[in-house]
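# A closer look at the structure
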Amino acid sequence: MSFNIGFIGGGNMSTAIVKGILRKDAHQASKIWVSGPHIHNLKHWQELGTNVTTKNGEVICNCDIVFLGVKPGVLTDAINDCVLSLPANCPRNRVLFVSMLAGVSIEKLNEALKVLPLTASVIRIMPNTPMSVGAGTCLYTPDNTVTIEQCEIVEKLLRSCGICEKVSEPLLSSGGSLPGCGPAFMYIVIEALADGAVKQGVPRALALRLAAQVLIGSGEMVLQTNKHPGLLKDEVCSPGGSTICGVTALENGRLRATLINAIEAATIRTNELGKK
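Residues numbered from 1 in each chain as written. Predicted model: local features only at pLDDT ≥ 70, side-chain atom pairs only at ≥ 80, totals over all residues. Heavy atoms only, no water.

By the definition in use, this model includes two aromatic pairs. Summarising the aromatic geometry, the rings of Phe7 and Phe67 are spaced 4.6 Å apart at their centres and angled 10 degrees between planes, so their arrangement reads as stacked. Here the residue Phe7 occupies a position in strand 1 (residues 5-8), and Phe67 occupies one in strand 4 (residues 65-68), the gap between them amounting to 60 residues. Residues Phe7 and Phe67 agree in their burial class; the two are buried. Three or more aromatic residues link up through ring pairs in this structure, and these residues are Phe7, Trp45 and Phe67. (Phe/Tyr/Trp six-rings, centres within 6.5 Å; stacked < 30°, edge-to-face > 60°. Helix = DSSP H or I, 4+ residues; strand = E, 2+ residues; numbered from the N terminus. Buried < 20%, exposed > 50% of the residue type's maximum accessible area, 1.4 Å probe, protein only.)

A two-sided burial pattern is seen for strand 1, the buried positions comprising Ile5 and Phe7 on one face and Gly6 and Ile8 on the other. Bridging between strand 1 and strand 2 (residues 32-35) involves four bridges; their strand directions are parallel. Each residue of the ladder has a partner; that of Gly6, found in strand 2, is Trp33. Of the crossover connections in this fold, the one passing from strand 1 over helix 1 (residues 12-23) to the parallel strand 2 is right-handed. When strand 1 meets strand 4, the two strands line up parallel, connected through four bridges. From the neighbouring strand, Ile5 faces strand 4, where its bridge partner is Ile65. (Pairing = 2+ DSSP bridges. Right-handed = clockwise from strand over helix to strand, strands pointing away.)

Scanning the entire structure with this criterion turns up nine salt bridges. Salt-bridge contacts for Lys227 lead to Glu235; the nearest nitrogen and oxygen are separated by 2.9 Å. Assessed through its relative accessible area of 34%, Lys227 is described here as partly exposed. The closest approach of N and O atoms between Asp234 and Lys233, which form a salt bridge, is 2.9 Å. Accessibility expressed as a relative area gives 44% for Asp234, which makes it partly exposed. (Salt bridge = Lys/Arg side-chain N within 4 Å of Asp/Glu carboxyl O.)

Rendered as structure tokens:
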């Protein structure tokens, strides 16, 4: 790809996306720009071969697609820095912004970007950190100025990191917590399953490998067989067997309700962050 992509904010999520892109050779490191307030915090970006700067305006001036990876509360400051540090002779007059800001609507993003001396189009995304290993999940929604070609370019980049699905903005807001926060919940599940095995005498390292692979295999069974997870669960539960006894323990511990409540709590908080 001949165009440049940029990242304003070089945190964990930006790092995950770029690692996923580079892992599949979906874009050249030399055509990626990253900005952050402290150059020493961008050392790992330099090691990846990308261009780094402390000036957000340089990212905009050099890139056709710019990912916004800052915290929602500092969006205004980040854009103001773009205005102040944008080179006077910058030829860029149109930029596609891809926002990772949790809860911040397209309307708010367009309003914030109006101060820039260029035409901005916006795509909102909700990615997750497993994108760094090519197993991510990402939802996205474009504003009405984004072209089909631009959507295809962004999809191609993000699909190099996992699955990517276009949804409506309301669905991005209500469903974004599942891919965005879900990995943290699953890490707790993996750790807990491993703890259970360790309690039964299994060495810790082996227990962790087994627990992680169980989640991978279970997910693949759902995706590849297209069977309902309840049916797949029933296929493992023999009458009076070990699995149904374990399932009973999970039901007694309200695992289902706890996970449902976790998604709800994360969604509520995401919407709160977008209103600040």
